[in-house]
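These are the residues of each chain, in order.
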Amino acid sequence: MVKRLLDEIVKKDAPIVVGLDPKLDFVPEYLVKQGIEKHGETLEAAADAILEFNKKIVDATYDLIPAVKPQIAMYEQFGVPGLKAFEETCAYCREKGLVVIGDVKRGDIGSTSGAYATAHLGEIRVGSTKIAPFAEDYATVNPYLGSDGVQPFIDICNMYDKGIFILVKTSNPSSGEFQDQMIGDKTLYQMVADKVNEWGKSSMDGDYSNVGAVVGATYPEMGVELRKRMPHAMILVPGYGAQGGKGKDLLGFFNEDGLGAIVNSSRGIIAAYRNENYVDKFTEQEFADASRAAVLDMKEDLKQALGK
């Protein structure tokens with residue numbers, strides 16, 4: 001799977017993933033009204049609105065980007081209809097040829113971890129038929145429970161040619177409360193990075209592993225360190241844009257060939273029509289055009305940072 005992701009990055013010349021994390025507040029009022037007209041003031045109406053929102057953004061950007069990253073919590077908040085919208089969003093993105101990174105942050109042990117891996121990356125047998133429940137290409141994984149929690153995901157990756165991104169150093173301000181603590185002569189995030197490097201050896205696909213890492217753009221100096229510590233890991237970099245990360249901060253996350261990382265922007269793209277840089281250029285009905293403009297600007301920012 002990592003080879004496919006790298007091929008798409010090279011093809012689109014854009015190490016960019018669009019985070020499809022739709023709060024109802026981000027969705028233009030006219031789409032919400034359409035949902036209510038069809039379903040009343042229900043969870044189904046909200047789910048319908050966010051699905052239409054996602055589709056229009058994907059339609060406007062799929063030719064520019066290699067991947068999308070729907071965050072499942074933003075769908076779960078709308079209950080079962082929201083999960084259906086998550087499933088349909090993933091399917092629609094696959095139809096457009098995009099790599100789908102399910103931001104699910106799962107982590108448990110034994111059969112429970114295996115069930116999570118099956119749900120998001122594998123297949124379940126019903127009678128004589130095998131069905132992929134959500135069918136993402138990647139899933140994010142919380143490694144707090146150790147190898148027992150991660151190995152079932154690696155097994156599924158190897159079985160179905162899928163990938164995972166393991167949380168190593170996250171972009172949120174309080175991440176250091178645990179991740180920066182010293183354990184002997186290493187920080188916790190360094191220990192996790194070393195395990196990612198070890199786990200990754202069992203799922204190589206060319207020069208890179210299907211076992212990748214999440215390292216926040218808000219900690220660029222740690223990005224440099226972790227790039228060296230995990231030479232074969234694809235790094236998913238959240239925190240660009242709205243959380244403060246800039247292209248110039250991200251050079252150290254990439255290898256010398258300009259590959260090895262993919263940078264996520266969520267509300268900076270999907271809610272671009274409300275951003276001061278675009279609000280005077282696009283109407284509410286043109287929100288998807290604003291998203292396309294934000295992707296193009298991000299692409300240029302990263303190209304300049306990488307010296308392309």
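Just above, that's the structure.
Let us look at the structure shown here. (Residues numbered from 1 in each chain as written. Predicted model: local features only at pLDDT ≥ 70, side-chain atom pairs only at ≥ 80, totals over all residues. Heavy atoms only, no water.)

Our focus in this paragraph is the overall build of the protein chain. Check the secondary structure of the protein chain and you find 12 helices and 13 strands. C-alpha extents for the protein chain along the principal axes are approximately 60 × 55 × 35 Å. Across the 308 residues in the protein chain, those meeting the buried criterion constitute 52%. Taking all contacts inside the protein chain whose residues are at least 6 apart in sequence as the whole, residues at least 24 apart take part in 74%. When the accessible area of the protein chain is evaluated, it comes to approximately 13,400 Å², of which 51% is carbon and sulfur surface. Here the protein chain contributes 34 positively and 45 negatively charged side chains, and the mean placements of these two sets differ by 3 Å. (Helix = DSSP H or I, 4+ residues; strand = E, 2+ residues; numbered from the N terminus. Buried < 20%, exposed > 50% of the residue type's maximum accessible area, 1.4 Å probe, protein only. Contact = heavy atoms within 4.5 Å. Areas by Shrake-Rupley, 256 points an atom, 1.4 Å probe, with all protein chains shown as cover. Lys, Arg positive; Asp, Glu negative; His and termini not counted. Charge placed at Lys NZ, Arg CZ, Asp CG, Glu CD.)

So, on to the nonpolar core. Among the nonpolar cores identified, the biggest contains 81 residues, and Leu20, Ile164, Ile166, Val168, Val196, Met230 and Leu250 are the most heavily contacted of them. With near-sequence residues (within four places) excluded, Val168 lies in contact with Gln179, Tyr189, Val192, Ala193, Val196, Ala213, Val214, Val215, Leu226 and Met230. (Core = buried A, V, L, I, M, F, W, Y, C linked by side-chain atoms within 4.5 Å.)

The buried fraction of strand S7 (residues 163-169) amounts to seven of the seven residues, a majority that puts the element mostly inside the structure. As defined by bridge partners, strand S6 (residues 138-141) adjoins S7 across four bridges and the pair is classed as parallel. Within S7, the position partnered with Tyr138 by the bridge is Gly163. Tracing the backbone out of S6, into helix H7 (residues 147-160) and back to the parallel element S7 gives a crossover that is right-handed. (Pairing = 2+ DSSP bridges. Right-handed = clockwise from strand over helix to strand, strands pointing away.)

Attention shifts here to the state of the cysteines. According to the stated counting rule, one finds zero disulfides in the structure shown. With no disulfide of its own, Cys90 lies 6.8 Å from the sulfur of Cys93, the closest cysteine sulfur. Classification of Cys90 as buried rests on a relative accessible area of 0%. In this structure Cys157 is not part of a disulfide, and its nearest cysteine sulfur, from Cys90, lies 16 Å away. (Disulfide = S-S within 2.5 Å.)

Turning to the packing of aromatic side chains, a few remarks are in order. Aromatic rings in a pair are described by how distant their centres are and how their planes are angled relative to each other. Throughout the structure, instances matching the rule amount to five aromatic pairs. Seen in terms of ring centroids, Phe53 and Phe287 are 5.1 Å apart; in terms of plane orientation they differ by 20°. Their pairing is stacked. With Phe53 in helix H3 (residues 43-61) and Phe287 in helix H12 (residues 287-305), this pair connects stretches of sequence that are 234 residues apart. Lys96 extends its terminal NZ or CZ atom over the ring of Tyr62, reaching a point 4.7 Å from the ring centre. A cation over an aromatic ring shows up here: Lys169 above the ring of Tyr219, its NZ or CZ 4.3 Å from the ring centre. (Phe/Tyr/Trp six-rings, centres within 6.5 Å; stacked < 30°, edge-to-face > 60°. Lys NZ or Arg CZ within 6 Å of the ring centre and 35° of its normal.)

This part takes up the packing of helix H6 (residues 110-121) against H7. Taken N-terminus to C-terminus, the directions of H6 and H7 make an angle of 35°; their axes are 8 Å apart at the nearest point. H6 and H7 meet at a crossing whose hand is right-handed. Residue-level contacts link Gly110, Ser113, Gly114, Tyr116, Ala117, Thr118 and Leu121 of H6 to Asp148, Gly149, Pro152, Phe153, Ile156, Cys157 and Tyr160 of H7. Looking at the contact of H6 with H7, its residues break down into eight nonpolar, five polar and one charged. (Axes fitted to C-alpha atoms, helices over the stretch in contact; angles between N-to-C directions. Left-handed = near helix turned anticlockwise from the far one by under 90°. Nonpolar A, V, L, I, M, F, W, Y, C, P; charged D, E, K, R; others polar.)

Turning next to the environment of Ile50. Within the element layout of this structure, Ile50 appears in helix H3. With relative accessibility at 0%, the residue Ile50 sits in the buried group. Through-space distance from the C-alpha of Ile50 to that of Pro22 is 6.3 Å; in sequence the pair is 28 residues apart. Contact partners of Ile50, with chain neighbours within four places excluded, come to Pro22, Leu24, Val27, Tyr75, Phe78 and Ala85.

Now for the packing of H3 against H12. Here H3 crosses H12 at 45°, and the two axes come no closer than 8 Å. One finds that H3 runs oblique with respect to H12. Crossing geometry of H3 relative to H12 is assigned as right-handed. Residues Phe53, Lys56, Ile57, Ala60 and Thr61 of H3 form the contact with H12, whose participating residues are Phe287, Ala288, Ser291, Arg292 and Val295. A class-by-class count of the residues in the contact of H3 with H12 yields six nonpolar, two polar and two charged. (Parallel < 35°, antiparallel > 145°, perpendicular 65-115°, else oblique.)

We now examine empty space enclosed by the protein. All chains considered together, the criterion is met by two cavities of 30 Å³ or more. When its volume is computed, the largest cavity comes out at roughly 40 Å³. The wall of the largest cavity is formed by Val196, Asn197, Gly200, Lys201, Ser209, Val211, His232 and Ala233. Listed by contribution, the elements that provide at least two residues to the lining of the largest cavity are helix H9 (188-200) and strand S11 (208-215). Among the elements that take part in the lining of the largest cavity, H9 stands out by supplying three residues, more than any other. For the lining of the largest cavity, the per-class residue count stands at three nonpolar, four polar and one charged. (1 Å grid on protein atoms, 1.4 Å probe; cavity = no way out; pocket = protein on both sides within 12 Å on 5 of 7 lines; lining within 4 Å. Points joined across faces, edges and corners; volume = space filled by probe spheres on them.)

Everything listed here is a matter of geometry and, on its own, says nothing about what the molecule does.
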